[in-house]
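Coordinate inspection notes
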Amino acid sequence: MGDLLEYSGLATKIKAMKSKLLREDDYINLAESGSIADVISYLKKIETYDEVFGEQTENVSIQRFEKLVRNSLYVDYDKIYRFSGEKQKKYLKTYFMKYEVDFLRKHIRRCLAVHTNIDTESVDSTLFDKKSCLDENGIRAAQSMNELIAALVNTPYYAPLKMVSVKSDASLFDYETILDILYFRTIWKIADKVLSASDRKILRKTFGEKIDLLNLVWIYRAKKYYKLSQIQMYSMVIPEYYRIKKQDMIWLIKCETLEEFDEGLKKLSYLRHDLEPENINPETIYEERMEKLYLNTVKKEPYSIACIDSYFYMKECEIKNLIRLGECILYQESTDTIMKCIKI
């Protein structure tokens with residue numbers, strides 16, 4: 001059951017917040033909206049979204065809509081942070097690195113000209129800045145990787161990104177991978193320092209499986225889309241192994257073809273029940289396993305760190321759904337088509 005005394009108040013608060021997350025009937029009503037303005041009007045009935053949208057309803061661009069929807073995550077983060085004890089606050093400060101990494105990822109792509117139409121408007125002038133160690137304005141002003149990295153002096157991100165930048169063939173993949181490795185190693189380290197033994201065990205399971213599965217996803221993408229060498233794939237794997245052994249990960253990297261990679265996955269007892277013979281997709285496996293893991297863990301351990309992690313997982317899924325829904329509304333897709341794009 002976890003630590004009832006330490007988590008009772010926070011677990012109750014999060015339970016109340018979960019009750020306000022969107023349900024299937026909400027998505028159906030939203031899918032039937034005729035415009036982004038109608039979507040916003042519906043969302044404003046919910047406290048968190050009313051707070052981020054404020055008076056903005058009419059003439060909101062899809063980019064602005066997506067930004068404000070994402071900002072609802074920071075609103076919820078702030079509520080949970082203020083309700084947490086000291087140990088949970090230390091954990092949450094490190095967890096926030098996830099959102100800093102997402103912010104940096106967007107601007108790295110811009111500086112490398114991978115995406116030139118990225119919206120570089122401020123994330124949120126109050127909540128993000130309040131929790132973040134980043135110089136948001138300096139990062140937004142950067143026109144090259146050197147300028148972006150210079151804006152990160154005195155942050156945990158400076159040294160690893162600087163190390164990548166000296167490589168003559170440094171790619172977006174290299175920069176994004178080093179940020180992911182930094183995040184997972186940091187969360188692992190802080191957990192050992194501030195969390196109880198029971199919370200560390202839970203975190204070890206959730207983040208351990210997440211790292212295992214993400215490594216598989218990255219290897220799969222590297223083989224399917226990027227045609228990276230084995231050496232490049234070795235460098236991008238997060239060097240933490242939970243249920244998939246290191247030698248198995250190395251063997252999968254060495255597979256010459258996707259067919260051979262698929263056959264390798266079938267030999268992993270860890271994934272045996274998740275593999276569909278005709279459609280072996282690590283990305284789908286990742287989504288399905290992580291959902292089951294978060295929901296089952298918080299059900300078994302409601303008074304633990306799982307109540308925080310599961311809420312953020314559910315909230316992040318909601319945000320992805322709303323962004324997909326907004327894009328479908330923009331292109332006037334049918335209600336049935338929109339509902340097929342949403343994960344409930």
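Residues numbered from 1 in each chain as written. Predicted model: local features only at pLDDT ≥ 70, side-chain atom pairs only at ≥ 80, totals over all residues. Heavy atoms only, no water.

1. A closer look at the pattern of salt bridges
In plain terms, the rule: Within this document, salt bridges are pairs made up of a side-chain nitrogen of Lys or Arg and a carboxyl oxygen of Asp or Glu, the two lying within 4 Å of each other. In this text, helices come from DSSP runs of H or I with a minimum length of four residues, and strands from runs of E with a minimum of two, each type numbered from the N-terminal end. Working definition: with a 1.4 Å probe on protein chains only, accessible area under 20% of the residue-type maximum means buried, over 50% means exposed, and in between means partly exposed.
In total, this model carries 19 salt bridges according to the counting rule given. In this structure, K315 and D76 form a salt bridge, with 3.4 Å as the shortest nitrogen-oxygen distance. Placement of the pair is K315 in helix α18 (residues 306-330) and D76 in helix α5 (residues 62-83), with a sequence separation of 239 residues. On the basis of relative accessible area, K315 is assigned to the buried category, the value being 2%. For D76, a relative accessible area of 2% translates into the label buried. With its nearest N and O atoms 3.7 Å apart, the salt bridge here joins K130 to D78. One end of the pair, K130, is in helix α8 (residues 127-131); the other, D78, is in helix α5, and 52 residues separate them in sequence. For K130, a relative accessible area of 54% corresponds to the exposed category.

2. Thoughts on the state of the cysteines
The line we're drawing: Disulfides are defined as cysteine sulfur pairs within 2.5 Å.
Inspection of every chain in the model, using the stated rule, returns 0 disulfides. With no disulfide partner, C317 has as its closest neighbouring cysteine sulfur the one in C341, 15 Å distant.

3. Notes on the packing of helix α7 (residues 97-111) against helix α12 (residues 172-194)
We apply this condition: Angles run from 0 to 180 degrees between N-to-C directions of axes, and those axes are lines fitted to C-alpha atoms, restricted for helices to the stretch in contact. We call two directions roughly parallel when the angle between them is under 35 degrees, roughly antiparallel when it is over 145, roughly perpendicular when it lies between 65 and 115, and oblique otherwise. Note on definitions: a residue-residue contact is assigned when non-hydrogen atoms from the two residues lie within 4.5 Å.
Orientation of α7 relative to α12, taken along the N-to-C sense of each, is 170°, at an axis distance of 10 Å. Between α7 and α12, the angle falls in the class roughly antiparallel. Contact residues: M97, K98, V101, L104, R105, I108 and R109 in α7; L172, Y175, E176, L179, D180, L182, Y183 and T186 in α12.

4. Some thoughts on the nonpolar core
In summary, soluble globular proteins display a tendency toward joint burial of nonpolar side chains. Filter applied, for reference: Take the buried Ala, Val, Leu, Ile, Met, Phe, Trp, Tyr and Cys residues and link them wherever side-chain atoms come within 4.5 Å; each set so joined is a nonpolar core.
Grouped together as the largest cluster of nonpolar side chains are 118 residues, with contacts concentrated most on F65, Y157, I308 and F312. With near-sequence residues (within four places) excluded, F312 lies in contact with L73, Y77, I80, L92, Y95 and Y99.

5. Regarding unusual backbone geometry
The phi dihedral of N154 falls on the positive side, at around 70°, and the residue is not glycine. Locating N154 in the fold gives a position in the loop between α10 (145-150) and α11 (158-165). Despite not being glycine, Q332 has its phi angle at roughly 60°, a positive value. Along the chain, Q332 falls in the loop between α18 and α19 (335-341). Assessed through its relative accessible area of 72%, Q332 is described here as exposed.

6. Here we look at the environment of K18
Keep this limit in mind: N or O atoms closer than or at 3.5 Å make up a polar contact, with two conditions inside protein: a donor-capable atom paired with an acceptor-capable one, and, for residues adjacent in sequence, both atoms drawn from side chains.
The topology assignment puts K18 in helix α1 (residues 4-18). For K18 and L68, which are 50 residues apart along the polypeptide, the C-alpha to C-alpha distance reads 19 Å. Not counting the four nearest positions on each side in its chain, K18 is found in contact with V298, S310, Y311 and M314. In this structure the side chain of K18 is engaged in a polar contact, spanning 3.2 Å, whose partner is the side chain of S310.

7. Considerations on α1
This is how it is decided: The seven residues ending at a residue and the seven starting there each receive a fitted axis; the angle between those axes is the bend at that residue.
Of all the bends in α1, the greatest, near 30°, is centred on L10. Within α1 the residues assigned to the buried category are Y7, L10, A11, I14 and M17. Where the residues of α1 are buried, they touch α5, α6 (86-95), α13 (197-226) and α18. In this structure D3 caps α1, since a side-chain oxygen of it lies 3.3 Å from the backbone nitrogen of L5.

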